[in-house]
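This is what each chain is made of:
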Amino acid sequence: MNGKRIDRNYQYEFTNTFEEVLIKTDGSNEVNALHFKLENPQGIVLFCHGNSGNLQKWGNRVSCFLDSNYEAFVFDYRNYGKSTGRFNEEKMYTDALLSYNHIKTNFKEDKIVVYGFSLGSTFATRIAALNVPKELILEAPFYNFKKAVQFYSKLAPTFLLKYKFRTDLDIVKVTAPISIFHGTEDQTTSFKDAKDLLERSTSTKNNFIQIDGGTHHNIRDYVRYQQQLQEILAR
């Protein structure tokens, strides 16, 4: 886990209108989040970010949702940025669910899209498994953490893995339409495992969107990604 800490008094600066949010979790711990707002939004995207970086970085990542007339809510995992608490798999899932519940105070579920990138895909899938959002969108997800480590580092001793992150067990419980974007040249998360992950869902409303030549970090630059994302958010 490598989300750098940020001083609590740090003031975020973004070109889009936003509100900083603190959500109480276990004990005295808090999840720090950013809520990017619009005047008459079609809905809101809850964005579960990747392993690297914190809200300073990921706050700029959500502009594509704003461009499609969706507000955006992005939170830092515990011990990332201003969020507090020790790394703990189940508590990280709980933090993600608390973020979804926070959004539900202002948006009906049929207006909420849950989006997960890379590591964030496991939290996005858990949220969708226990709720009924409008859509679940996963970008470069992994099947589960063991398979992810085996793919990324063939020599990694998987028996030492502390985290399970069983996205493969949660996805079978998702009732919302699922869309997965994955680049064929992704060297961080497995393209094949992502296809296998989606096949665990029996829904006929799912869509696997292959980005030919795309890597782990650049598929948002592809016209196919941009067009498909707009179509998903417009429906």
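Small disclaimer: the values here were computed from a predicted structure and weren't measured.

Chemist: Provide a residue-level description of the packing of aromatic side chains, including the pertinent values.
Modeler: Throughout the structure, instances matching the rule amount to 23 aromatic pairs. Between the aromatic rings of phenylalanine 14 and phenylalanine 36, the centroid separation amounts to 5.5 Å while the plane-to-plane angle is 70 degrees, which identifies the pairing as edge-to-face. Here the residue phenylalanine 14 occupies a position in the segment before strand S1 (18-24), and phenylalanine 36 occupies one in strand S2 (residues 30-36), the gap between them amounting to 22 residues. Under the relative-accessibility criterion, phenylalanine 36 is labelled buried at 0%. Ring-pair connections join several aromatic residues into one group, and the members of that group are Phe75, Tyr77, Tyr80, Phe87, Tyr93, Phe123, Phe142, Phe145, Tyr163 and Phe165. Stacked on the ring of tyrosine 143, the Lys or Arg lysine 147 has its end atom at 5.4 Å from the ring centre. If you follow arginine 220 out to its NZ or CZ, it ends over the ring of phenylalanine 117, 5.8 Å from the centre.

Chemist: Lay out helix H3 (residues 89-104) in plain terms, naming residues and giving numbers.
Modeler: Between its terminal C-alpha atoms H3 stretches 23 Å, which fits the 22 Å expected from 16 residues at 1.5 Å a residue. For H3, every residue scored as buried is listed here: Glu89, Met92, Tyr93, Asp95, Ala96, Leu97, Ser99, Tyr100 and Ile103. Residues of H3 that are buried in the fold lie against S1, S2, strand S3 (43-48), strand S4 (70-75), strand S5 (112-117) and helix H4 (120-130). For H3, the capping residue at the N-terminal end is asparagine 88, with a side-chain oxygen 3.2 Å from the backbone nitrogen of glutamate 90.

Reading the values: the criteria
Residues numbered from 1 in each chain as written. Predicted model: local features only at pLDDT ≥ 70, side-chain atom pairs only at ≥ 80, totals over all residues. Heavy atoms only, no water. Phe/Tyr/Trp six-rings, centres within 6.5 Å; stacked < 30°, edge-to-face > 60°. Helix = DSSP H or I, 4+ residues; strand = E, 2+ residues; numbered from the N terminus. Buried < 20%, exposed > 50% of the residue type's maximum accessible area, 1.4 Å probe, protein only. Lys NZ or Arg CZ within 6 Å of the ring centre and 35° of its normal. Expected span 1.5 Å × (residues − 1). Contact = heavy atoms within 4.5 Å. Polar contact = N/O pair within 3.5 Å; in protein donor to acceptor, adjacent residues only side chain to side chain.

Geometric descriptors of this kind do not, in isolation, establish any biological role.
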